[in-house]
Amino acid sequence: MEHQQRLLISIAAIGTPLAVYLVIGNHTVTGNTYQLATTFDALVPFSLAWILPYIYMYVASVAPVCAVKDRRLLIRWAVAVGIMYVVAAPIWVFYPVSVPREPLLGNDYYSYLLTIIQTLDPPTNCFPSMHVAVATLGALVVHRVDKIVGSILLATVPAIWYSTVAVQQHWIVDGGAGLILASCAYFIVYKNADKTIESHERLPRVAHLLWLSLLTGALVGFYIMWALENH
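Residues numbered from 1 in each chain as written. Predicted model: local features only at pLDDT ≥ 70, side-chain atom pairs only at ≥ 80, totals over all residues. Heavy atoms only, no water.

(A) A look at the pattern of salt bridges. Enumeration over the complete set of coordinates arrives at 4 salt bridges. Taking the shortest distance from any N to any O, the salt bridge between glutamate 201 and lysine 69 comes out at 3.6 Å. Here glutamate 201 is found in the loop between helix H8 (172–190) and helix H9 (209–230), whereas its partner lysine 69 is found in the loop between helix H3 (51–60) and helix H4 (71–94), with 132 residues between them in sequence. Under the relative-accessibility criterion, glutamate 201 is labelled partly exposed at 33%. (Salt bridge = Lys/Arg side-chain N within 4 Å of Asp/Glu carboxyl O. Helix = DSSP H or I, 4+ residues; strand = E, 2+ residues; numbered from the N terminus. Buried < 20%, exposed > 50% of the residue type's maximum accessible area, 1.4 Å probe, protein only.)

(B) Region of interest: the packing of aromatic side chains. Following the criterion strictly, the structure yields 11 aromatic pairs and no others. A centroid spacing of 5.2 Å and a plane angle of 90° characterise the contact between tyrosine 21 and tryptophan 92, whose relative ring orientation is edge-to-face. One end of the pair, tyrosine 21, is in helix H1 (residues 3–28); the other, tryptophan 92, is in helix H4, with 71 residues separating them in the sequence. Judged by centre distance (4.8 Å) and plane angle (25°), the rings of tyrosine 186 and tyrosine 190 are stacked. Of this pair, tyrosine 186 and tyrosine 190 both sit in helix H8, separated by 4 residues, roughly a single helical turn. Three or more aromatic residues link up through ring pairs in this structure, and these residues are Tyr109, Tyr110, Tyr223 and Trp226. (Phe/Tyr/Trp six-rings, centres within 6.5 Å; stacked < 30°, edge-to-face > 60°.)

(C) Local environment of the packing of helix H5 (residues 109–120) against H9. Orientation of H5 relative to H9, taken along the N-to-C sense of each, is 110°, at an axis distance of 10 Å. Classified by the angle between their axes, H5 and H9 sit roughly perpendicular to one another. Across from Tyr109, Tyr112, Leu113 and Ile116 in H5, the residues of H9 making contact are Leu219, Phe222, Tyr223, Met225, Trp226 and Glu229. (Axes fitted to C-alpha atoms, helices over the stretch in contact; angles between N-to-C directions. Parallel < 35°, antiparallel > 145°, perpendicular 65-115°, else oblique. Contact = heavy atoms within 4.5 Å.)

Quick look at the structure:
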């Protein structure tokens with residue numbers, strides 16, 4: 001598959017849905033919102049250190065592009081993401097859920113990262129959590145062609161889910177709904193997918209260095225920006 005095709009599929013699966021998410025969030029941020037607090041949410045302490053696994057999801061979401069060789073399976077990934085957003089968007093519009101955010105008083109690196117996220121991410125698209133949904137779906141897609149790497153990615157989903165609560169971006173039920181949403185979308189789109197050997201071929205695992213490099217580069221880049229502002 002040409003690199004241009006992979007880029008277009010990535011935009012369809014990640015870029016376009018993210019734009020829809022932000023547009024809806026910015027239009028609902030001034031209206032009435034709902035809260036879905038549970039006993040478990042009260043037990044999770046606010047912890048800025050969990051911003052790292054939270055940010056990790058943003059780059060790990062492109063892992064399918066670095067794993068799936070067959071264009072048909074990759075297009076199905078984009079379709080599955082679309083299904084998730086079609087289900088979630090009406091909920092964001094008609095039942096916007098928000099989470100009270102802890103005031104960020106420090107100027108440390110973790111606070112800097114969370115401030116950037118909160119500035120870009122409106123607090124009203126909490127249920128279902130697309131953070132958990134996209135991470136889960138991506139891991140399932142990778143697992144389809146690479147059991148080892150896919151299993152590793154699936155093992156990170158609970159940490160991503162917990163991080164959304166620990167940095168006060170989501171309620172615990174938001175992540176649960178995202179997990180269910182991703183699993184259903186995956187089943188709907190992939191249940192009748194081609195099961196030939198060709199469709200299950202994967203790219204060399206070295207391709208995952210792409211999104212890992214993006215993660216490292218982003219964290220280093222933000223650190224330099226933070227250091228320049230505070231020193």
